[in-house]
Amino acid sequence: MTDGVLGQLAADFALLSLIAVGGAVPVLPEMQRMVVDNHGWMSASTFASLFALAQAAPGPNVLVVSLIGWQVAGLAGAAVATVAMITPSSLLTYAVAAAWERFRDARWRKAIQRGLAPVTIGLMAGAAYLLTRAADQNLAAYALTAFVAFVVVLTRVHPLWLIAFGALLGFGGVV
Amino acid sequence: MNRSTQPPTPRALFTGFLGIGVSGFGGVMPWARRLLVEERRWLTADEFTDVVSLCQFLPGPNIVNVAVAVGARFVGARGALAALAGLMIAPFAIVIVLGALYTTYGHLPDVAAAFRGIASAAAGLVVAMAVKMARAGITRWTAVIVAAAAFAGIGLLRLPLFTVLAVLAPVSVLLAWRRVR
């Protein structure tokens, strides 16, 4: 049973690693589809909580993958999911980095990068939409999400303060 | 700013990226720049920009790719592994401790309530990331259509990412092909 789950985690995240355009956050919807919709390993609100936990910790955003693995299969799950998520793309980077000079200015390279940019933006909007739906259970919660978004877009307030503010409102029973 | 004449050792790469890993909240790239360019001077500002554009071009977590590319540049595979391990090891340990605490105490009513608020705030952070990216990157109507299609496919229809990319990436890249030289 556990071996099957670990194998599934490894296979899913290894594939995701190679199609993760723009990094970990734009592919959150795909992670949610995998672990919530396909496998039923957790609820959407647990998924949103794990992402929130990853945001509240220092380090790369990709660590949400470690927490998903942790939730599914403990320490082994965390290790397997993390290694699977970073190994294929790291091998690709290692292989391509040496040849980068040769195609850095190539027309096809620029076309791919510029072409993928609006796709990534759409994925990011999808991630924002799905996380909001998963996290917010009442009108006050939607207001909090909107408030945080406004503050981050318009000011330079550190995100940790906003996370702490959210924790306070949650603790106080406001959202 | 000039580059340091001494190339970093695997040990230096490990400790350097260890510092980067624990520095940033919600994205560590600015810290990577500060350490690699300003403090250790392993890369010039231009070289750093170049490495970042490589790593944004490739799939996978960008900062992880940066660690691999920078490590490989100086010490080959050993350097890549040292930088990668340095970047991941401390944050991984920290999230596992947090994950264990969440597993143990997450069901307590007060903790669960606080988490509802944290999750709503974290969703707001992603909304802000999307807005910032859209403001910087959506400059023509074809981009609006592509982004809207990606949003609908992934967010509303819940299609597999692979399907969405297989349809939209070629179209969008072809559209971009006509504009670049």
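Residues numbered from 1 in each chain as written. Chains lettered and ligands numbered in written order. Predicted model: local features only at pLDDT ≥ 70, side-chain atom pairs only at ≥ 80, totals over all residues. Heavy atoms only, no water.

Peer 1: Even after reading the chapter, I still don't get the interface of chain A and chain B, so can you show me in this structure?
Peer 2: For interface size, the figure often reported is the accessible area lost on association. Residue-level contacts link 97 residues of chain A with 90 residues of chain B. If you sort the residues of chain A by the area they bury against chain B, Pro58(A), Arg107(A) and Ile121(A) come out on top, with a joint share of 8%. Inspection of the chain A/chain B interface yields two salt bridges. If you list the elements that add at least two residues to the side of chain A that touches chain B, you get helix H1 (2–19), helix H2 (28–38), helix H3 (44–56), helix H4 (64–97), helix H5 (100–103), helix H6 (107–135), helix H7 (139–154) and helix H8 (159–171) of chain A. Element by element, the count of residues in the side of chain A that touches chain B is highest for H6(A), at 26 residues. Grouping the amino acids of the side of chain A that touches chain B by side-chain chemistry returns 61 nonpolar, 26 polar and 10 charged. (Contact = heavy atoms within 4.5 Å. Buried area = accessible area lost by both parts, 1.4 Å probe. Salt bridge = Lys/Arg side-chain N within 4 Å of Asp/Glu carboxyl O. Helix = DSSP H or I, 4+ residues; strand = E, 2+ residues; numbered from the N terminus. Nonpolar A, V, L, I, M, F, W, Y, C, P; charged D, E, K, R; others polar.)

Peer 1: Please explain the domain arrangement of chain B as it appears in this structure.
Peer 2: In terms of domains, chain B is made up of domain 1 (10–137) and domain 2 (140–181). Taking the mean C-alpha position of each, domain 1 of chain B and domain 2 of chain B sit 27 Å from one another. (Domains from an automatic or database assignment.)

Peer 1: So what exactly am I meant to see when it comes to the nonpolar core here?
Peer 2: Nonpolar side chains in soluble globular proteins tend to end up buried together. One finds Phe13(A), Met31(A), Ile68(A) and Leu36(B) to be the most contacted residues of the largest nonpolar core, which totals 117 residues. For this core, the element with the highest residue contribution is helix H4 (residues 62–105) of chain B, accounting for 17 residues. When residues are assigned to domains, this core turns out to be shared by domain 1 (10–137) and domain 2 (140–181) of chain B, each giving three or more. For Ile68(A), the residues in contact, after removing those within four places along its chain, are Phe13(A), Met31(A), Val35(A), Met42(A), Phe47(A) and Leu50(A). (Core = buried A, V, L, I, M, F, W, Y, C linked by side-chain atoms within 4.5 Å. Buried < 20%, exposed > 50% of the residue type's maximum accessible area, 1.4 Å probe, protein only.)

Peer 1: Sorry if this is basic, but what is going on with the packing of H7(A) against helix H5 (residues 109–137) of chain B here?
Peer 2: Angle between the axes and distance between the axes are the two parameters that describe a pair of packed helices. Relative orientation of the contacting elements H7(A) and H5(B) amounts to 45°, with a least axis distance of 7 Å. It follows from the interaxial angle that H7(A) and H5(B) lie oblique. Handedness of the H7(A)/H5(B) crossing: right-handed. Together, Ala141(A), Leu144(A), Thr145(A), Val148(A), Ala149(A), Val152(A) and Val153(A) of H7(A) and Gly117(B), Ser120(B), Ala121(B), Ala123(B), Gly124(B), Leu125(B), Val127(B), Ala128(B), Val131(B), Lys132(B) and Arg135(B) of H5(B) make up the contact between the two elements. In the contact of H7(A) with H5(B), the residues fall into 12 nonpolar, four polar and two charged. (Axes fitted to C-alpha atoms, helices over the stretch in contact; angles between N-to-C directions. Parallel < 35°, antiparallel > 145°, perpendicular 65-115°, else oblique. Left-handed = near helix turned anticlockwise from the far one by under 90°.)

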